[in-house]
Amino acid sequence: MTYDNNNIFAKILRKEIPCKKIYEDDFVLSFYDINPQKKIHALVIPKGSYINLDDFSENASPEEIVGLIKGVNTVAKKLGISAINGKGYRALANISEHGGQEVPHLHFHLFGGEKVGKMVSE
Ligand code: 5GP
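My aim in this report is to walk through the structure given alongside it, one point at a time. Fair warning: this is a prediction, and the values are worked out from it, not measured in the lab.

Right, let's talk about the sheet that holds strand 3 (residues 40–46) for a bit. Read across the sheet, five strands follow the order 1-2-3-5-4 without closing on themselves; strand pairing throughout is antiparallel. Looking at which strands have only one partner, the edges of the open sheet turn out to be strand 1 (21–24) and strand 4 (89–92). On average, each strand axis in the sheet is inclined to that of its neighbour by 20°, with strand direction left out of account. Most of the contacts of helix 3 (residues 62–79) go to strand 3, to which it runs at about 155°, and overall it touches strand 1, strand 2 (28–32), strand 3, strand 4 and strand 5 (108–112).

Okay, here's the thing in structure tokens:
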């Protein structure tokens, strides 16, 4: 599978479509999910073109990998939901078909602001 440059998050990164930005640095962009599933539902995406977590793990540089993990923590703190300044949250990455991934650009969902509930439904 090759990276689709026209996926919706690639367009958000290129600023071709808007987003409600939460945070940005050299490695990540974070914005609110358009269809929130919890009181707080943020997305954190790497700036590089990676399809999913497996693609990222195999092909991203060590700096990009650190940047994404640090980015999740930075966003959680910014939203006041981290284990450091809040009550915690769930970070979740859907990966490919069985993972239920719809947008083929790696992203972590951050759910919080309330109890998130069961780990897996259905
Ligand atoms: P996935 O199922 O791929 O893990 O999640 C994709 C997420 O992207 C969904 O939660 C969906 O609501 C969100 N999403 C899809 N299109 C847009 C968009 O144009 N803007 C934003 N902010 N979120 C989007």
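Before going further, it helps to spend a moment on the pattern of salt bridges. Two side chains of opposite charge can pair, provided their charged atoms sit close to one another. Scanning all chains against the criterion turns up three salt bridges. Among the salt bridges present, the one from E16 reaches R14, with a minimum N-O distance of 2.6 Å. A residue is classified by how much of its surface remains accessible, and E16, at 48% relative accessible area, is partly exposed. Judged by its relative accessible area of 38%, R14 is partly exposed. Put simply, K21, E24 and K47 are held in one network by salt bridges that share partners.

Quick look at the site of the ligand now. Residues in contact with the ligand amount to 15 residues; listed here are only the nearest, D33, N94, E102, H107 and H109. One of the backbone nitrogen or oxygen atoms of Y32 is found 2.9 Å away from a nitrogen atom of the ligand. In this structure, I34 approaches the ligand through a main-chain N or O atom, which is 3.3 Å from a nitrogen atom. Here the ligand, which alone exposes 520 Å², has 84% of that area covered by the protein. Contributions of two or more residues to the shell around the ligand are made by helix 1 (8–13) and strand 2. A per-element tally of the shell around the ligand places helix 1 first, with three residues. Taken together, the residues of the shell around the ligand sort by class into seven nonpolar, six polar and two charged.

Rules behind the numbers
Residues numbered from 1 in each chain as written. Predicted model: local features only at pLDDT ≥ 70, side-chain atom pairs only at ≥ 80, totals over all residues. Heavy atoms only, no water. Pairing = 2+ DSSP bridges. Helix = DSSP H or I, 4+ residues; strand = E, 2+ residues; numbered from the N terminus. Axes fitted to C-alpha atoms, helices over the stretch in contact; angles between N-to-C directions. Contact = heavy atoms within 4.5 Å. Salt bridge = Lys/Arg side-chain N within 4 Å of Asp/Glu carboxyl O. Buried < 20%, exposed > 50% of the residue type's maximum accessible area, 1.4 Å probe, protein only. Near = heavy atom within 4 Å. Polar contact = N/O pair within 3.5 Å; in protein donor to acceptor, adjacent residues only side chain to side chain. Areas by Shrake-Rupley, 256 points an atom, 1.4 Å probe, with all protein chains shown as cover. Nonpolar A, V, L, I, M, F, W, Y, C, P; charged D, E, K, R; others polar.

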